[in-house]
Amino acid sequence: MNNNVEELNYQLFLENVGDIKEIKEREACKMQEKLENEKDLELDATNLSQNDSISEETINSIVPQSIVNDNSSEAYDPFGVIYENDNINTNDIPEEPTDLEIAFQRAALSYDYNKSNIAEVQSSKHRKIAEKNMDVIDLELKVFFDESTYKKESISFFFNDNQYCVDASIKKLKELTNSFGVELKQEHCRSFTTIIDVLDQFQGTWVRVQPTARIEKVVGQPDKEYVNFEVIEILGKNHVLGGNIND
């Protein structure tokens, strides 16, 4: 009898455990189904938002036919492309020479020592040649070959420890300033700066210069040829370049 009761209680216990397990499984299934539904709703909302954005962009990019017609009548290019006039012949437009091309042209120029050139006086400057322990004053010139072609040159005065060199440069400076109607005085020779102050007043003056060749002989090296210039006529600051530049 007792054995039958124990077996019955055990059987009821098993049934209760089975019911509890089944209930938990059903609740777990419901929870999983709920999570999947929520995920599907979020995905649908995201897709809907993207579709709305794409639709709005598509709508905004549509150009009404009336605007298309207006743009067409005004030769309007919606892509911003600028079309060149096919009637313009680009071969007829001359290209400006580059700095290198101008230098190439200058290198081909040479002075005729039997003729003079018109030049414009530029600024004057003091420089040093360290390897020769020499000071130099340059009166810079634009020497013209025609109305648009010129070379930048200078009339140079050299000063070093050699007394003969210094005396010769002072004499040459006096001759130059006299040609401009200015007397070089002792107070003008206080320094290189005071000499340049005298030369600066000639800036912008047109002159006629005579080129001459100066050959420098160096032992063991080829002779070097330089061009010296002598002012032979003052044309003034109001001179107009033209006519016979070379005489």
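Keep in mind that this is a model prediction, so the values were computed, not measured. (Residues numbered from 1 in each chain as written. Predicted model: local features only at pLDDT ≥ 70, side-chain atom pairs only at ≥ 80, totals over all residues. Heavy atoms only, no water.)

Visitor: What should I look at first to understand the nonpolar core in this one?
Guide: For soluble globular proteins, the rule of thumb is that nonpolar side chains tend to be buried together. Core analysis: the largest hydrophobic core is formed by 25 residues, its most contacted members being Leu141, Ile155, Leu176, Leu199 and Val209. Setting aside its immediate chain neighbours within four residues, leucine 199 contacts Ser124, Ile137, Leu139, Leu173, Leu176 and Thr177. Counting five residues, the second largest nonpolar core, distinct from the first, contains Ile118, Phe144, Trp206 and Ile245. (Core = buried A, V, L, I, M, F, W, Y, C linked by side-chain atoms within 4.5 Å. Buried < 20%, exposed > 50% of the residue type's maximum accessible area, 1.4 Å probe, protein only. Contact = heavy atoms within 4.5 Å.)

Visitor: Hey, could you run me through helix α5 (residues 192-200) in this one?
Guide: Along an α-helix, a turn takes 3.6 residues, which lines up residues three or four apart on a common side. Every buried residue of α5 is accounted for by Ile195, Ile196, Val198 and Leu199. The arc that holds the buried residues of α5, viewed along the axis, is 155°, so those residues lie on one side. Those residues of α5 that are exposed and angled more than 90 degrees off the buried face are Thr193 and Asp197. In the core, the buried residues of α5 are packed alongside β1 (117-129), β2 (134-144) and α4 (163-179). (Helix = DSSP H or I, 4+ residues; strand = E, 2+ residues; numbered from the N terminus. Arc of directions from axis to C-beta.)

Visitor: It is not clear to me how the pattern of salt bridges should be interpreted in this structure. Could you clarify?
Guide: Opposite charge on two side chains makes pairing possible when the charged atoms of those side chains draw close. Enumeration over the complete set of coordinates arrives at six salt bridges. Aspartate 138 is the salt-bridge partner of arginine 127, the closest N and O atoms lying 2.4 Å from each other. Within this pair, whereas arginine 127 is found in strand β1, its partner aspartate 138 is found in strand β2, the two being separated by 11 residues in sequence. You can call arginine 127 partly exposed: its relative accessible area is 31%. (Salt bridge = Lys/Arg side-chain N within 4 Å of Asp/Glu carboxyl O.)

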